[in-house]
Amino acid sequence: MIRYLIRKLFYGLAVMLGVVLVVFFLFNILPVDPARMTQGQRADVQSLQAVRKEFGLDKPIPIQFAYYLNDLSPVGIHLNNTEEQQRYHYAKLFAVSDTKVLALKWPYLRRSYQTRKDVASLLMDVIPNTLVLATTAMIFAIIIGVFLGVLSAVNKDTWIDKLAISFSTLGISAPSFFAGIIIAWIFGFELSKYTGLNMSGSLYSYDPFRGEVISIRNLILPMITLGLRPLAIIVQLTRNAMLDVLGQDYIRTAKAKGLSNRAIIYRHALKNALNPVITAIANWFASLLAGSFFVEYIFGYNGLGKATVDALEMSDFPVVMGSILFIAFIFVVISILIDIIYVWIDPRVKLS
């Protein structure tokens, strides 16, 4: 297990390095000047040069990339002075020269071009909101999706089965941004006086008497929108897996022993049909973090997606890179967890 985890971690680091490489050079070939976006169109040459120097944008792109990797690396070379130590919060390992040291530190995501704040602190303000949205959307999708999938399989070729299949096909076909617009317009605008829901709003709202409070109703519409596609996938996967399991010999043996249908379905069939469903659930949870970008933007939900889209509009590269690296990290962690969960559910599966 330890050898497997070490190998997976190396693969994960390679994936994240590839993400950094692609996004960094893609962002630098775009005909956009971050200094100009920061200072405005009427900024003078001296101001633009000062901003470029402050963020290292005056150096050649390969040098910028090398410096960025040094900032991201948990072990890097840094100046041996108080200002540098306060910025990176590093612990000295040993001196490389009279002015530089090899240091141990947390990855440094730099500062936002627009706000001058640390990207890590900016992301930590919005990541919990996105995690709440993605988690509730996934729970919604799992509960409804597994239930409909089992119901469809047990009632094969009936109107219930056909209705569940039609619903799942519609859910798969509808892109999240399109479904979000329709759901926001119908339930957040046209039927707002009946539903009590708003077209836009974040997880936290300000109350003049209680201060900042959690507003659950602002979570409902983006949660349903984000959960529709994984729900549809889970319905079909659960149905197909259940139909396959229900035809196995041990299910016929259980029926012959006189076990109730409920015990056969939920104690024997469903447990053995969960492997493909677990894969979908794990992969979709990571995808929901990436897919939440447009959903959060449509509903004005203050999360990672909305912060990234806003940063893209302002060419705020450190914020964009920080959010992409976080999503890549989640994908890597979840891929490892999937394999471990497989072994826990089915001991016949071996890690290799």
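In the annotation of an unreviewed UniProt entry, the protein chain is listed under the name Peptide/nickel transport system permease protein and assigned to Mucilaginibacter lappiensis. Taken directly from UniProt, the Sequence similarities (unreviewed entry) text for the protein chain runs: "Belongs to the binding-protein-dependent transport system permease family." Comment text from UniProt for the protein chain, heading Subcellular location (unreviewed entry), reads "Cell membrane".

Asks: I tried to follow a nonpolar patch on the surface on my own but got confused; where do I start?
Replies: Residues Val75, Ile77, Leu93, Phe94, Val96 and Leu104 make up a contiguous nonpolar surface patch of roughly 530 Å² in combined accessible area. Listed by contribution, the elements that provide at least two residues to the nonpolar patch are strand 1 (75–79) and strand 2 (91–95). Tracing the backbone shows valine 96 in the loop between strand 2 and strand 3 (100–104).

Asks: Could you clarify how one ought to interpret the side chain of aspartate 71 in this entry?
Replies: For aspartate 71, the location among the structural elements is in helix 4 (residues 61–72). Ignoring sequence-local partners within four residues, the contact set of aspartate 71 consists of His78, Tyr88, Lys105, Pro107, Tyr108 and Arg110.

Asks: For this particular structure, what's the right way to read the pattern of salt bridges?
Replies: Side chains carrying opposite charge are able to pair once their charged atoms draw close together. In this structure the tally under the stated criterion is seven salt bridges. When the shortest N-O distance is used, the salt bridge between aspartate 71 and arginine 110 registers 2.7 Å. Note that aspartate 71 is positioned in helix 4 and arginine 110 in the loop between strand 3 and helix 6 (119–154), a separation of 39 residues in sequence. Across the pair aspartate 161 and arginine 239 runs a salt bridge, and its minimum N-O distance is 2.7 Å. Taken together, the residues aspartate 161 in helix 7 (residues 159–173) and arginine 239 in helix 10 (residues 217–246) connect sequence positions 78 residues apart. We note that aspartate 161, like arginine 239, is buried. Linked by salt bridges that have partners in common, Glu54, Arg111 and Arg116 make up one network.

Conventions we followed
Residues numbered from 1 in each chain as written. Predicted model: local features only at pLDDT ≥ 70, side-chain atom pairs only at ≥ 80, totals over all residues. Heavy atoms only, no water. UniProt positions renumbered as here; feature names shortened; annotations may be inferred. Patch = residues over 30% accessible without salt bridge, like charges linked within 9 Å, V, L, I, M, F, W, Y side chains within 5 Å. Areas by Shrake-Rupley, 256 points an atom, 1.4 Å probe, with all protein chains shown as cover. Salt bridge = Lys/Arg side-chain N within 4 Å of Asp/Glu carboxyl O. Helix = DSSP H or I, 4+ residues; strand = E, 2+ residues; numbered from the N terminus. Contact = heavy atoms within 4.5 Å. Buried < 20%, exposed > 50% of the residue type's maximum accessible area, 1.4 Å probe, protein only.

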